[in-house]
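Residue-level listing of the chains:
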Amino acid sequence: MIKGAIKRSTLKELENVSGTVTEIERYAIHDGPGIRTVVFLKGCPLRCRWCCNPETQNNYIEMAFFVEKCIGCGRCLKACPYNAITISHAEMSVDRSICKENCYGKTEQFLCTLQCYPQARRAIGQTMTVLQIYEEVKRDLPFYEATGGGITISGGEPMAQPEFVYSLLRYCKENWIDTALETSGSGLWEDYQAIASYLDVLFVDLKSLDSEKHRLWTQSDNSRILTNIQRLSELAAKSDLKMYIRVPIIPGFNDTEEDIRGIGYFVRDNCQGVQGIELLPYHKLGRGKYKSLGKEYVLTYLEPPSTDKMNNFNDMLLKLGVQTYQF
């Protein structure tokens, strides 16, 4: 929860608030209006089977190994003081339980990654302050002014680092930069209330109305998410905050007409402050990241929904009286 001391901080004091960031993407055009800079934060309470950013799930800095870049020099093997890396039959492997016990969350300078010249091993994540991110973001002020863009905070789940999100949003907003947030809706309501006045655009995922199915596919209940969506829509209806619902269309999970119609009715009848819905088709991007992190991608059999199917879903929502968007 966002503490009162953070809320009472001056802008100068907020400059030193730090968080864990995986990436800063410039010139993004699908994460809100205009050209945007997207700041991806680390940490998420959900474990969606289809997640395309698995490197953002854990809240600590970790090591990724891209085997296709490895030249077999063995420098990482010699550098690791914990014997986590081994070679057998010309294949290199790593015991990540040793990494987690000795390195993850305790240091940002993994010795194995520092010795890897081809960058086959990389530290995923870094600690950054509000001021460091702002200095990066403000480089593109002319693009924001020309296109109506700004900063978008994404993840992972940004609200897993609520004080950092509050500090960054407030700092950017009070420096006249348009702000947006992409969230699963799983944060604390009090934290959403605290950041709302520093937000211009809000994207909230709504994956399924079925609690059991939601828990099975994301390892998390959806009751808090649904409540937060309704409360946030009420807040948006009374303010200048533009709120959108995003629905990832995942084959076998929520890709039936019944699923989409139910979500459409829920938004239409319970979320008057929502501008509309953006349907996001499942894609295969990000699958390769799982192997680099020592994880298994369990949906290798899935194929993206067809264009016709996505068009039919959008038409269905429009007939229900729900506006659709595509950013």
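The following paragraphs examine the structure supplied in this document. (Residues numbered from 1 in each chain as written. Predicted model: local features only at pLDDT ≥ 70, side-chain atom pairs only at ≥ 80, totals over all residues. Heavy atoms only, no water.)

Quick notes on the overall build of the protein chain
Just so we agree on the cut-off: Runs of H or I in DSSP of at least four residues are treated as helices and runs of E of at least two as strands, each being numbered from the N terminus. For a compact globule the rule gives 2.2 Å times the number of residues to the power 0.38, and the radius of gyration it is set against comes from C-alpha atoms. Working definition: with a 1.4 Å probe on protein chains only, accessible area under 20% of the residue-type maximum means buried, over 50% means exposed, and in between means partly exposed. We call two residues in contact when some of their heavy atoms are within 4.5 Å. Values of accessible area rely on a 1.4 Å probe in the Shrake-Rupley scheme; residue burial ignores everything except the protein chains shown. By the counting rule applied here, Lys and Arg register as positive and Asp and Glu as negative, while His and the ends of each chain are not counted. Positions of charges follow a simple convention, taking NZ of Lys, CZ of Arg, CG of Asp or CD of Glu.
Each helix and strand in the protein chain was counted, giving 14 helices and 12 strands. Taken against the 2.2 N^0.38 rule, which gives 20 Å for 327 residues, the C-alpha radius of gyration of the protein chain at 21 Å falls within 12% of a compact globule. Based on the C-alpha atoms only, the size of the protein chain along its principal axes is roughly 60 × 50 × 35 Å. Here the protein chain holds 327 residues, and the buried ones make up 52% of them. Expressed as a percentage of contacts within the protein chain between residues at least 6 apart in sequence, the contacts between residues at least 24 apart total 72%. For the protein chain, the exposed area adds up to about 15,700 Å²; of that, 49% sits on carbon and sulfur atoms. Across the protein chain, 38 positive and 40 negative side-chain charges occur, with their mean positions spaced 4 Å apart.

With respect to helix α11 (residues 223-237)
Threshold: By this rule, a helix spans an expected 1.5 Å times one less than how many residues it contains. The directions from the helix axis to the C-beta atoms are what the arc is built from.
In a regular helix each residue adds 1.5 Å, so 15 residues correspond to 21 Å; α11 covers 22 Å between its end C-alpha atoms and thus fits that length. Within α11, burial applies to Ile225, Leu226, Asn228, Ile229, Leu232, Ser233 and Ala236. Buried residues of α11 fall within an arc of 160° about the axis and therefore sit on the same side.

A few points about the sheet that holds strand β12 (residues 274-281)
The pairing of strands in a sheet happens through backbone hydrogen bonds and is either parallel or antiparallel. The condition that has to hold: A strand pair is defined by DSSP finding two or more bridges across the two strands. Only C-alpha atoms enter the line fits that serve as axes; for helices the fit covers just the stretch in contact. Angles between N-to-C directions range over 0 to 180 degrees.
An order of β7-β1-β2-β8-β9-β10-β11-β12 is seen for the eight strands of this open sheet, with the pairing classed as mixed. For this open sheet the edge positions go to β7 (126-129) and β12, each flanked by a neighbour on one side alone. This sheet shows a mean twist of 30° between the axes of neighbouring strands, independent of strand direction.

Some thoughts on the packing of helix α9 (residues 189-196) against α11
For clarity, the threshold we go by: Oblique is the label for any angle not covered by the other classes, which are roughly parallel (under 35 degrees), roughly antiparallel (over 145) and roughly perpendicular (65 to 115). In this scheme the crossing of two helices becomes right-handed for a clockwise turn of the near helix relative to the far one and left-handed for an anticlockwise turn of less than a right angle. Polar here means any residue outside two lists: the nonpolar Ala, Val, Leu, Ile, Met, Phe, Trp, Tyr, Cys and Pro, and the charged Asp, Glu, Lys and Arg; Gly therefore counts as polar.
Contact geometry of α9 with α11 gives a least axis separation of 11 Å together with a crossing angle of 25°. Taken together, the axis directions place α9 and α11 in an arrangement best described as roughly parallel. Crossing of α9 against α11: the hand is right-handed. Between α9, through Trp189, Tyr192 and Ala196, and α11, the contact on the second element is made entirely by Asn228, Arg231, Leu232 and Leu235. A breakdown of the residues in the contact of α9 with α11 according to their chemical character gives five nonpolar, one polar and one charged.

A look at the packing of aromatic side chains
Our working rule: Note on aromatic pairs: the rings of Phe, Tyr and Trp (six-membered ring only in Trp) are paired at centre separations within 6.5 Å, and the planes decide the class, stacked below 30 degrees, edge-to-face beyond 60, tilted for the rest. A ring is considered to have a charge above it if a Lys NZ or an Arg CZ atom is located within 6 Å of its centre and within 35 degrees of its normal.
According to the stated counting rule, one finds 14 aromatic pairs in the structure shown. Plain terms: the ring middles of tyrosine 27 and phenylalanine 143 are 5.5 Å apart, the flat faces sit at 85° to each other, and that makes the pair edge-to-face. Residue tyrosine 27 is found in strand β1 (residues 18-28), and its partner phenylalanine 143 is found in helix α7 (residues 141-147); the two are separated by 116 residues along the sequence. Exposure remark for tyrosine 27: the relative accessible area of 44% places this residue in the partly exposed category. Relative to tryptophan 217, the ring of tryptophan 50 lies with its centre 6.4 Å away and its plane at 40°, an arrangement referred to as tilted. On the criterion of sequence distance, the pair formed by tryptophan 50 in the loop between β2 (36-41) and β3 (62-65) and tryptophan 217 in helix α10 (residues 211-218) is long-range, its members being 167 residues apart. For tryptophan 50, a relative accessible area of 10% corresponds to the buried category. Tryptophan 217 sits in the buried class, given a relative accessible area of 7%. Put simply, the rings of Phe203, Tyr244, Tyr325 and Phe327 pair up and form one aromatic cluster. Above the ring of tryptophan 217, the side-chain terminus of arginine 49 is found at 4.6 Å from the ring centroid. Directly above the aromatic system of phenylalanine 203 lies the positively charged group of arginine 246, at a separation of 3.9 Å from the ring centroid.

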